[in-house]
Amino acid sequence: MTLDTLLLILAVVLPLFVSSATADDDFLPPIVDSSDISYFFADYDLDGLHWALSSVFARSARNPNVSKELPQELVARGGGITYTSEYKLKHDLEQAHYLVKYLKSKDPDKAAYFESSVIPIYEKVLDNIPPLDKLERTKGLYAFTKEDYSLGIADVYNKGLYMTSADELDPNWRQRVLLNEQLNFDTIQRQWFGENPDCANEEMSIPGVVVIDNLLDPATLSLIREILLKNTWWYQTKTPLEFGKYVGSYIDDGLHDPILLELAKELHQKMPRIMNGHELRYMWAYKYDSEWESGINLHADEAAVNVNIWMSMNGADLQEEDYGGGLVVYTAKPKHEWDFKSYNTNTEFVIKELLEPSNFANVTVKHLPNRCVIFDSALFHHTQKYHFKKGYENGRINLTLLFGEMKKGAPKEEL
């Protein structure tokens, strides 16, 4: 179903839908894709975008009361419900304990549910997961067994067991600006275009790569951190023996709180030159296992502008030597004729054909809470080694917003 068809149907049936939603509301697509997100965002129709995202999510298998299959796109990227990894289930267990403490006074029944039902299931299934060296065939993934299902794992794993919102946590957030009002976005844009070489982070910024400290207003930072810690929307696991240990959440699979969409709008409006012609296309957040030290491998993201914000708690980064915890952005762009999906999964090819000829020229940005790196999304980048304190609230967290279509290097005839 195309977006135009969906909107036509909505125009006819939405009044009835709002007043009486039923199980027959199958006109919604199984997933909201990047073109749909850009369509709504182009007119800053954040209410429409949130409605589309939340309506599809509420009717998905993430809802404990919905019985249907997940879209294949979600399963393929690690968000399935029939498998897990040890670090992913440990994350979910830590989050469940965190929520029990938080909900004891606010919602005793929900706290009791996590304590008596969710946590025991997670603990028992965790005991069934073999060591990593016994899972080499699946690169560290663990498929649930009959015993796991008998324990009730299907009722709780990768479900929206607890979902709160910025509106619930802070009803007055809409009355504030989200970005730091002390920032000079004209200067930031000039830095992006190489027009203002003198900047606060000169050693880490070049044209197309700009570092901004204290991006978010303190109240905004605290509120977004809170929803990232509390919501059970961390559905993606990576294959740990291949990609490391971090969990992911995505805009089309739960990560679409209105404050996050408003943040995208404010960024877009504050930097009109950088964002010219580049609508919001996607958003994700990642949380990293503090018992590991390597994050995301070398890759590029299919967009024009990448906005990466570190949401980690103050003091969580141990700031040890050789553990920057930040981001390495290589400055050589992929060639115009290269196929994105092919080269983005072939690290050896990228190193030999792109990075070695440029002598691995890069901008290395150390991790700091509330630090933002805005860069040309076609540039290859990877996470620095990190070392963070243990404990659920201390994990390394990044929030990433992608705008526009990727612009690779010039065609052959222009080189």
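Cut-offs used in this document
- Residues numbered from 1 in each chain as written.
- Predicted model: local features only at pLDDT ≥ 70, side-chain atom pairs only at ≥ 80, totals over all residues.
- Heavy atoms only, no water.
- Helix = DSSP H or I, 4+ residues; strand = E, 2+ residues; numbered from the N terminus.
- Contact = heavy atoms within 4.5 Å.
- Areas by Shrake-Rupley, 256 points an atom, 1.4 Å probe, with all protein chains shown as cover.
- Buried < 20%, exposed > 50% of the residue type's maximum accessible area, 1.4 Å probe, protein only.
- Polar contact = N/O pair within 3.5 Å; in protein donor to acceptor, adjacent residues only side chain to side chain.
- Axes fitted to C-alpha atoms, helices over the stretch in contact; angles between N-to-C directions.
- Parallel < 35°, antiparallel > 145°, perpendicular 65-115°, else oblique.
- Left-handed = near helix turned anticlockwise from the far one by under 90°.
- Nonpolar A, V, L, I, M, F, W, Y, C, P; charged D, E, K, R; others polar.
- Pairing = 2+ DSSP bridges.
- pLDDT = per-residue confidence, 0-100.
- Core = buried A, V, L, I, M, F, W, Y, C linked by side-chain atoms within 4.5 Å.

### Considerations on the overall build of the protein chain
And then number 1: Each helix and strand in the protein chain was counted, giving 15 helices and twelve strands.
And then number 2: The long-range share in the protein chain, meaning contacts at least 24 apart out of those at least 6 apart in sequence, stands at 81%.
And then number 3: By element, 49% of the accessible surface of the protein chain is carried by carbon and sulfur atoms, the whole surface being about 19,100 Å².

### So, the side chain of T232
And then number 1: Within the fold, T232 resides in the loop between α11 (218–230) and β4 (236–237).
And then number 2: Taking the relative accessible area as the measure of exposure, T232 reaches 9% and is therefore buried.
And then number 3: At 3.3 Å, the side chain of T232 and the backbone oxygen of K159 are in polar contact.
And then number 4: Those residues in contact with T232 that sit more than four places away from it in its chain are Q95, L99, K159, G160, L161, Y162 and M163.

### Some thoughts on the packing of helix α3 (residues 46–58) against helix α13 (residues 258–270)
And then number 1: Where α3 contacts α13, the axes come no closer than 10 Å and their chain directions differ by 140°. In this view, α3 runs oblique relative to α13, as classed from their interaxial angle. Considering only the axes of α3 and α13, their crossing is right-handed. Contacts between α3 and α13 involve L46, L49 and H50 from the former and P258, L261, E262 and K265 from the latter.
And then number 2: For the contact of α3 with α13, a count of residues per class yields four nonpolar, one polar and two charged.

### Thoughts on unusual backbone geometry
And then number 1: Phi at N359 takes a positive value of approximately 60°, unusual for a residue other than glycine.
And then number 2: Locating N359 in the fold gives a position in the loop between α15 (347–355) and β9 (362–365).
And then number 3: Overall, the relative accessible area of 65% leaves N359 in the exposed class.
And then number 4: A positive phi angle is found at N370, which is not glycine, with a value near 65°.
And then number 5: Along the chain, N370 turns up in the loop between β9 and β10 (372–376).
And then number 6: Of the residues examined, N370 reaches a relative accessible area of 5% and is grouped as buried.

### Quick word on the environment of P334
And then number 1: Within the fold, P334 resides in the loop between β8 (327–330) and α14 (340–343).
And then number 2: For P334, a relative accessible area of 0% translates into the label buried.
And then number 3: Between the C-alpha atoms of P334 and A378, which are 44 residues apart in sequence, the distance is 6.9 Å.

### Some words on the pairing of β9
A regular strand carries its side chains on alternate faces of the sheet.
And then number 1: Side-chain alternation along β9 places V363 and V365 on a buried face and N362 and T364 on a face that remains uncovered.
And then number 2: Sheet topology places β8 next to β9; four bridges connect them, and they run antiparallel. From the neighbouring strand, V328 faces β9, where its bridge partner is T364.

### Remarks on helix α2 (residues 34–42)
And then number 1: Those residues of α2 that fall on the buried side of the exposure criterion are D36, I37, S38, F40 and F41.
And then number 2: Positioned one or two residues after α2, Y44 has a phi angle of 55°, which is positive.

### What to know about the confidence of the model for the protein chain
And then number 1: Across the protein chain, pLDDT averages 86, with 86% of residues at or above 70.
And then number 2: Taken together, the stretch residues 5–24 has pLDDT below 50 and engages in 19 contacts with residues farther than four places along the chain or on a different chain.
And then number 3: Confidence drops under a pLDDT of 50 for residues 410–415, and excluding neighbours within four residues, the segment shows four contacts in the predicted structure.

### A short note on the nonpolar core
And then number 1: If you look at the biggest cluster of nonpolar residues, it comprises 93 residues, and the most contacted ones within it are V307 and L401.
And then number 2: With nine residues, the single largest contributor to this core is helix α5 (residues 86–106).
And then number 3: Discounting chain neighbours no more than four positions away, the residues touching L401 are L260, A264, L267, L280, Y282, M283, V305, N306, V307 and I309.

### Section: the side chain of R62
And then number 1: Along the chain, R62 falls in the loop between α3 and α4 (72–79).
And then number 2: Here D253 takes part through its side chain, which lies 2.8 Å from a polar atom of the side chain of R62.
And then number 3: Setting aside residues up to four positions removed in sequence, R62 forms contacts with F57, L70, L74, G79, I81, N158, K159, G160, Y235 and D253.

### Let's talk about the pairing of β10
And then number 1: Within β10, five of the five residues are buried, which leaves it mostly tucked inside the rest of the structure.
And then number 2: Pairing analysis gives four bridges linking strand β3 (residues 209–212) to β10, with the strands arranged antiparallel. Its bridge partner being in β10, V211 is matched across the sheet by V373.
And then number 3: Strand direction decides the pairing type here: strand β7 (residues 305–310) and β10, joined by five bridges, are antiparallel. Note on β10: the bridge partner recorded for V307 is I374.

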